[in-house]
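Summary of the model geometry
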Amino acid sequence: MAVTAEKTFAVEGIRIPDSRLAREITHLVRDTESGLLFHHSSRVYYWAALAGKRRDLKFDRELLYAGAMFHDMGLTPAHSSANERFEVDSANTARDFLRSHGIAQVDIDTVWTAIALHTTPGIPEHMHPVVALVTAGVEMDVLGLSYAEYSDAEREAVVHAHPRTGQFKEDIIQAFYDGIKHKPDTTFGNVKADVLADKDPTFKRGNFCSVIRGSAWRG
């Protein structure tokens, strides 16, 4: 399968790494995810790498690409477990792929952590640059955080190469819901509980205080 568009597109010197590993990641994710998620993940890489350049951070672009591209694989039927958070399913998918390609365990752990924590605000930003930047890229593309920190030219170039759907905001919420609705308990203490509450009027959130009060401990 040709990957010409991904190989040639660059913005502010940022491009997808031209390596066998990156090409295989592109093929796998594009063949597994919907177009919506594939282009979203691709944009996440560019937002993340641009943020890293702007912040003058040193990071491995292959590892960043792996984290960005695999971060939503747990939403797909092929990689969704019955009882793990989708972030963990995504991280495990990346771990298995990288391990099969002989990547060092320390680098696998970095990518795993970046993916597993990408919906846990307030922590990734204090960690390894790859961990911090995957979350920064996700937050830019989904939530619009730091939107103003990117130039019009940067935003237009990335979206031209990896388009957002006309109703992306609603489409991505629906994609989240479709990927997690079969295991609502995994959203306890997680931003994805908001997705279930939005889409399913019968959904009841877990309550941290209720768990404390209902435990087997006295007093």
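Scroll up to find the structure this text is about.
Reference entry: report on the structure contained in this document. Predicted model, so just to flag it, every value in this text is computed and none were measured.

1. Let's talk about the overall build of the protein chain
- Along its length, the protein chain carries 11 helices and two strands.
- The order of helices and strands in the protein chain, counted from the N terminus, is α-β-β-α-α-α-α-α-α-α-α-α-α.
- In terms of overall size, the protein chain behaves like a compact globule, its C-alpha atoms giving a radius of gyration of 18 Å where 219 residues would be expected to give roughly 17 Å.
- Projected onto its principal axes, the C-alpha positions of the protein chain cover 60 × 40 × 35 Å.
- Across the 219 residues in the protein chain, those meeting the buried criterion constitute 45%.

2. Things to note about the environment of Asn83
- If you trace the backbone, Asn83 turns up in the loop between helix H4 (61–70) and helix H5 (86–100).
- Judged by its relative accessible area of 61%, Asn83 is exposed.
- Put simply, Asn83 and Ala153 are 70 residues apart on the chain and 42 Å apart in space, counted from C-alpha to C-alpha.
- Setting aside its immediate chain neighbours within four residues, Asn83 contacts Lys183 and Thr186.

3. Some remarks on the packing of aromatic side chains
- In the structure shown here, the tally under the stated rule is five aromatic pairs.
- Judged by centre distance (4.8 Å) and plane angle (65°), the ring pair of Phe9 and Tyr46 falls under edge-to-face. With a gap of 37 residues between them, Phe9 in the loop between helix H1 (4–8) and strand E1 (10–11) and Tyr46 in helix H3 (residues 35–54) connect regions that are remote in the sequence.
- Classification of Phe9 by relative accessible area gives buried; the value is 14%.
- Arranged with centres 5.4 Å apart and planes meeting at 70°, the rings of Tyr45 and Tyr46 form a pair that is edge-to-face. Tyr46 matches Tyr45 in its accessibility class, with the two residues each being buried.
- Clustering of aromatic rings is evident, with ring pairs tying together Phe9, Tyr45, Tyr46 and Tyr65.
- A cation over a ring is seen here: Arg54 above Tyr150, with NZ or CZ 4.6 Å from the ring centre.

4. A word on the pattern of salt bridges
- Considering all chains together, one arrives at 11 salt bridges under this definition.
- Note that Arg20 and Glu24 form a salt bridge whose closest N and O atoms lie 2.8 Å from each other. One end of the pair, Arg20, and the other, Glu24, are both in helix H2 (residues 20–32), four residues apart, so they sit about a helical turn from each other.
- You can call Arg20 exposed: its relative accessible area is 63%.
- As a salt-bridge pair, Arg155 and Asp152 come within 2.3 Å of each other at their nearest N and O atoms. With Arg155 and Asp152 both in helix H8 (residues 152–161) and three residues apart, the pair spans about one turn of that helix.
- Taken together, the shared-partner salt bridges connect Arg43, Asp141 and Arg164 into one network.

5. Some details on the layout of surface pockets
- Roughly 400 Å³ of internal volume is contained in the largest pocket.
- Together, 21 residues line the largest pocket, and Val142, Leu143, Phe176, Val191 and Lys192 are the ones closest to its centre.
- Those elements giving two or more residues to the lining of the largest pocket turn out to be helix H7 (129–143), helix H9 (168–180) and helix H10 (192–199).
- Here the element with the most residues in the lining of the largest pocket is H9; it accounts for five residues.
- Looking at side-chain class alone, the lining of the largest pocket contains 11 nonpolar, five polar and five charged residues.

The rules we used
Residues numbered from 1 in each chain as written. Predicted model: local features only at pLDDT ≥ 70, side-chain atom pairs only at ≥ 80, totals over all residues. Heavy atoms only, no water. Helix = DSSP H or I, 4+ residues; strand = E, 2+ residues; numbered from the N terminus. Rg over C-alpha atoms; globule rule 2.2 N^0.38 Å. Buried < 20%, exposed > 50% of the residue type's maximum accessible area, 1.4 Å probe, protein only. Contact = heavy atoms within 4.5 Å. Phe/Tyr/Trp six-rings, centres within 6.5 Å; stacked < 30°, edge-to-face > 60°. Lys NZ or Arg CZ within 6 Å of the ring centre and 35° of its normal. Salt bridge = Lys/Arg side-chain N within 4 Å of Asp/Glu carboxyl O. 1 Å grid on protein atoms, 1.4 Å probe; cavity = no way out; pocket = protein on both sides within 12 Å on 5 of 7 lines; lining within 4 Å. Points joined across faces, edges and corners; volume = space filled by probe spheres on them. Nonpolar A, V, L, I, M, F, W, Y, C, P; charged D, E, K, R; others polar.

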